[in-house]
Structures are given as C-alpha cells and as structure tokens.
Amino acid sequence: MTAETETPQSTGSCCSPTGSCHDGAADVQIASDSVTTVYQVKGMTCGHCEGAVSEEISEIAGVSSVKAVASTGRVTVESKAPLAEEAVRAAVDEAGYELVGQAV
C-alpha cells in the first residue's frame, strides 16, 4: 500500500511553487544589447582623478556605467550603443585628462 501525501506550499517563501528560487524572466535581466568599451586615459593618479573622469563620461547620453582605474589608466564604459570617440575625448578633456584612445 502506498500513501500519497501532498506537500503544502508555504506562503512568504522565496521559492516559487515549482520549487525554484527564480520563477520568471523578470527576476534577473541581463542587458544583451549593451556595449563595453575600454579606453586608455593619461594623467590619472588617484581616486579623485578616477571620480572626475567617471563623472564627466557618465554624462554622455547612453552611458550606463563607468569604472576608471588610475593605476592602469583604463576606463571601462558600458553604454547602450557605441560612443563617438569625440564625445569621450571631450568628456575626458573636460575632466582635465588626456584620452589616448581605446585600450588594446
């Protein structure tokens, strides 16, 4: 003789009725249409420099994130579409530094 038992679904749990912790595409969205570009910037020496460059570049339309690293001179920019190098150069100039170009 086999006994069938029904497992009650608890309310307030992070898990879905299917037993998965993620039930739906809305839980985590990864933008597949973003563009990541790494630039080489000359003259950054400290955290203040990183902040100045990041702030200016982040004001360019379409930019979603900027990470500047003074020790390497690299600035990683995520945007909705490729950026015009002239716009990036103008932003870096405004911050007081020199855009060398895209990092290799």
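Refer to the structure above for everything that follows.
So, here's what we can say about the structure. Note that the coordinates shown come from a computational prediction; the quantities given were computed from them, not determined experimentally. (Residues numbered from 1 in each chain as written. Predicted model: local features only at pLDDT ≥ 70, side-chain atom pairs only at ≥ 80, totals over all residues. Heavy atoms only, no water.)

## Notes on the overall build of the protein chain
Rules: Numbering of helices and strands starts at the N terminus; helices are DSSP runs of H or I of at least 4 residues and strands are runs of E of at least 2. Partly exposed describes any residue whose relative accessible area lies between the buried limit of under 20% and the exposed limit of over 50%, with all areas from a 1.4 Å probe on protein chains only and scaled to the type maximum. We call two residues in contact whenever any of their non-hydrogen atoms come within 4.5 Å of each other. Only the protein chains shown count as cover for residues, with accessible areas throughout obtained via the Shrake-Rupley method and a probe of 1.4 Å.
In terms of helices and strands, the protein chain carries two helices and four strands. Secondary structure elements of the protein chain occur, N-terminal to C-terminal, as β-α-β-β-α-β. Out of the 104 residues in the protein chain, the part that is buried amounts to 25%. Sequence-distant contacts in the protein chain: of pairs separated by 6 or more residues, those separated by 24 or more amount to 60%. Accessible area for the protein chain stands at about 7,300 Å²; split by element, carbon and sulfur atoms hold 51% of it.

## Topic: the state of the cysteines
For the record, the criterion: Only a pair of cysteine sulfur atoms within 2.5 Å counts as a disulfide in this structure description.
This structure, assessed with the given rule, holds zero disulfides. Of all cysteine sulfurs, the one in Cys49 lies closest to Cys46, which takes part in no disulfide; the gap is 3.6 Å. On the basis of relative accessibility, which here comes to 33%, the residue Cys46 falls in the partly exposed class.

## Points about the pairing of strand 1 (residues 35-42)
Keep this limit in mind: Strands pair, by our definition, only if DSSP identifies at least two bridges between them.
Judged from the six bridges that link them, strand 1 and strand 3 (residues 74-79) form a sheet pairing that is antiparallel. Each residue of the ladder has a partner; that of Val38, found in strand 3, is Thr76. Where strand 1 and strand 4 (residues 98-102) come together, four bridges link them in antiparallel fashion. Residue pairing in the sheet places Tyr39 in a bridge with Gln102 of strand 4.

## Quick word on helix 1 (residues 47-58)
Spelled out, the test is: For a helix, the expected span equals 1.5 Å multiplied by the residue count minus one.
Between its first and last C-alpha, helix 1 extends 16 Å over twelve residues, near the 16 Å set by a 1.5 Å rise per residue. Every buried residue belonging to helix 1 is among Cys49, Ala52, Val53, Ser54 and Ile57, and all of these are buried. Residues of helix 1 that are buried sit in contact with strand 2 (63-69), strand 3 and helix 2 (85-95).

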